[in-house]
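Structural overview for review
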Amino acid sequence: MAQGIHVLGILLSLFFGQAISLKIATSLQWIEYTPQPYAIKNFYKGTDTATLSSGGVANLATDSSLDLAANAETQGLKQYASHKNLRLIYVIVEVGYRMVANQAAGITKIGDLKGKRIGTMQGTSASYFVNKLLGSANLKSSDYTIVSGSVCMKTPCGSGTFPSMITGKKIDAFGIWEPAVELGAKSLGSSAVIFQNVSIYREVYSLYSTTEKLNNIATRKNIVAYVKALNQTLDVFRNRPESVYATVGGNVGVDASVVQAVWPVHKWSGTIPSDLVDFLVVEDAYLAQSDKRAVTSKADLTKFIDSSVIADAQRI
Ligand SMILES: *[C@@H]1O[C@H](CO)[C@@H](O)[C@H](O)[C@H]1NC(C)=O
Ligand SMILES: *[C@@H]1O[C@H](CO)[C@@H](O)[C@H](O)[C@H]1NC(C)=O
């Protein structure tokens, strides 16, 4: 009898669509993540709830209860090197990282950063950005000193945060995700110089899943629904940003006026950029060296990108 009920349950769930929830690991601190709670609240139409938990693609690689993760492409590449079942299925936002430098330290162009102390976080998309930006002026990593510190989301920025370190002259420049650069530039005032060049580097903040999850029909249906909801959200983020500054700021503890100030740095794209494979090949070569591992082949990096979920979302 119990077995009969179980079979009936399966048949009913097949008929009505299985009520399975979606679990997503993501940083809950950065502006990049904020389309996700908005999508869940306003647009998501999966068979059950979608839940965000603190984490990222590293968790997705090792915890099979997770269906999705969001992270910069840097963390995606680091994990893909040893977890070839990961797939990059969607790009939420491309962020043109910025570096702020103190003109009072004699810096007006990138080349002036030779011999200077530069704040960033090692092993992240930001340290890759710093390496690329300074490399564009032929500066090698031995030409400058990297100093670690923390970000600041809201003034007053505590000691140990980059904005506080630059005004206190402990560092001469720093490059990191927003809004710390904006807050650092504000606190330096007229002495601030900003360097940004999206053709040298932009963060490609992406959504990831695994081949196992994507091959599971019921889970895939919810993943497609999630991407669809994100796409509807990005429409709002792009076209009616004034309606979300306060919500986004509330999600991550940033003043709405600061969210507005850094909004142009964020390109809420929702598409897989055409140069993505080549972009990943170059970054993976850098990461392979710093992580002391073999490079991932271009053929494997091509497999890493799966645009079929976007195609499915366009059909519903
Ligand atoms: C950005 O970088 C590209 C490639 O190095 C370079 O050709 C271009 O002049 C740079 N743009 C700016 C505004 O510095
Ligand atoms: C996203 O929305 C746009 C309209 O804003 C539509 O053209 C596009 O097909 C949608 N993409 C997906 C993946 O749903």
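Residues numbered from 1 in each chain as written. Chains lettered and ligands numbered in written order. Predicted model: local features only at pLDDT ≥ 70, side-chain atom pairs only at ≥ 80, totals over all residues. Heavy atoms only, no water.

Details of the site of ligand 1
As a matter of local geometry, ligand 1 sits amid Asn 197, Ser 199 and Ile 200. With respect to ligand 1, the side chain of Asn 197 contributes an N or O atom lying 2.3 Å from an oxygen atom. Ser 199 places a polar side-chain atom, nitrogen or oxygen, 3.3 Å from an oxygen atom of ligand 1. Isolated, ligand 1 exposes 360 Å² of accessible area, and the fraction of that covered by the protein chains is 26%. (Near = heavy atom within 4 Å. Polar contact = N/O pair within 3.5 Å; in protein donor to acceptor, adjacent residues only side chain to side chain. Areas by Shrake-Rupley, 256 points an atom, 1.4 Å probe, with all protein chains shown as cover.)

Description of the sheet that holds strand β5 (residues 98-102)
Taken in spatial order, the five strands make up an open sheet running β7-β6-β8-β5-β9, and their pairing is mixed. Taken across any chain shown, the strands that pair with only one partner, and hence form the sheet edges, are β7 (145-147) and β9 (192-195). With strand direction ignored, the average angle separating the axes of adjacent strands in the sheet is 25°. As judged from the three bridges shared by strand β6 (residues 117-119) and β7, these two strands associate in the parallel manner. Residue Arg 117 lies in a different strand from β7, and its bridge partner there is Thr 145. Packed on one face of the sheet, helix α5 (residues 125-135) meets β5, β6, β7, β8 (173-176) and β9 and runs near 65° to β5. Packing of helix α7 (residues 180-188) onto the sheet brings it into contact with β5, β8 and β9, and relative to β5 it is tilted by some 25°. (Pairing = 2+ DSSP bridges. Helix = DSSP H or I, 4+ residues; strand = E, 2+ residues; numbered from the N terminus. Axes fitted to C-alpha atoms, helices over the stretch in contact; angles between N-to-C directions. Contact = heavy atoms within 4.5 Å.)

Looking at the packing of aromatic side chains
Under the counting rule described, the total for this entry stands at 18 aromatic pairs. Ring geometry for Tyr 128 versus Tyr 201: centroids 5.3 Å apart, planes at 90°, classification edge-to-face. Highlighted residues: Tyr 128 in helix α5 and Tyr 201 in the loop between β9 and β10 (203-210), separated in sequence by 73 residues. Of the aromatic side chains, those joined through ring pairs into one cluster are Trp 30, Tyr 97, Tyr 128, Phe 129, Trp 177, Tyr 201, Phe 279 and Tyr 286. Directly above the aromatic system of Tyr 80 lies the positively charged group of Lys 84, at a separation of 5.2 Å from the ring centroid. The aromatic ring of Phe 279 is capped on one face by Arg 202, whose charged end is 4.8 Å from the ring centroid. (Phe/Tyr/Trp six-rings, centres within 6.5 Å; stacked < 30°, edge-to-face > 60°. Lys NZ or Arg CZ within 6 Å of the ring centre and 35° of its normal.)

Comments concerning the nonpolar core
Nonpolar side chains in soluble globular proteins tend to end up buried together. Core analysis: the biggest nonpolar cluster contains 101 residues, and Met 99, Leu 113 and Leu 134 have the highest contact counts within it. The biggest single contributor to this core is helix α9 (residues 217-239), with ten residues. Formed jointly, this core draws a minimum of three residues from each of two domains, domain 1 (19-94 + 213-314) and domain 2 (98-195). The contact partners of Leu 134, leaving out residues within four places of it in the chain, are Met 99, Ile 110, Leu 113, Ile 118, Leu 139 and Tyr 144. (Core = buried A, V, L, I, M, F, W, Y, C linked by side-chain atoms within 4.5 Å. Buried < 20%, exposed > 50% of the residue type's maximum accessible area, 1.4 Å probe, protein only. Domains from an automatic or database assignment.)

Here we look at the environment of Asn 216
Within the secondary structure, Asn 216 is located in the loop between α8 (211-215) and α9. Along the backbone, Asn 216 and Asp 48 are 168 residues apart, and their C-alpha atoms lie at a distance of 16 Å. A polar side-chain atom of Asn 216 sits 3.1 Å from the main-chain amide nitrogen of Ala 218. At 3.1 Å, the side chain of Asn 216 forms a polar contact with the backbone nitrogen of Thr 219.

A short note on the environment of Asn 85
For Asn 85, the position within the fold is in the loop between α4 (73-80) and β4 (86-95). Beyond its immediate stretch of four places on either side in the chain, Asn 85 contacts Ser 209, Thr 210, Thr 211 and Glu 212.

A closer look at α7
Most of α7 sits out of view: seven of its nine residues are buried. Buried residues of α7: Ala 180, Val 181, Glu 182, Leu 183, Gly 184, Ala 185 and Leu 188, and no others. Here the buried face of α7 lies against β5, α6 (162-167), β8, β9 and α11 (256-262). Positive phi appears at Gly 189, one or two residues downstream of α7, with a value of about 65°.

Concerning the site of ligand 2
By nearness alone, every residue bordering ligand 2 is listed as Asn 231, Asp 235, Ile 310, Ala 313 and Gln 314. A distance of 2.2 Å separates an oxygen atom of ligand 2 from a polar side-chain atom of Asn 231. One of the side-chain nitrogen or oxygen atoms of Asp 235 is found 3.5 Å away from an oxygen atom of ligand 2. Taking 360 Å² as the accessible area of ligand 2 by itself, protein coverage stands at 60%. Contributing elements (two or more residues each) for the shell around ligand 2: α9 and α14 (308-314). The element that contributes the greatest number of residues to the shell around ligand 2 is α14, accounting for three residues. Class assignment of the residues belonging to the shell around ligand 2 gives a composition of two nonpolar, two polar and one charged. (Nonpolar A, V, L, I, M, F, W, Y, C, P; charged D, E, K, R; others polar.)

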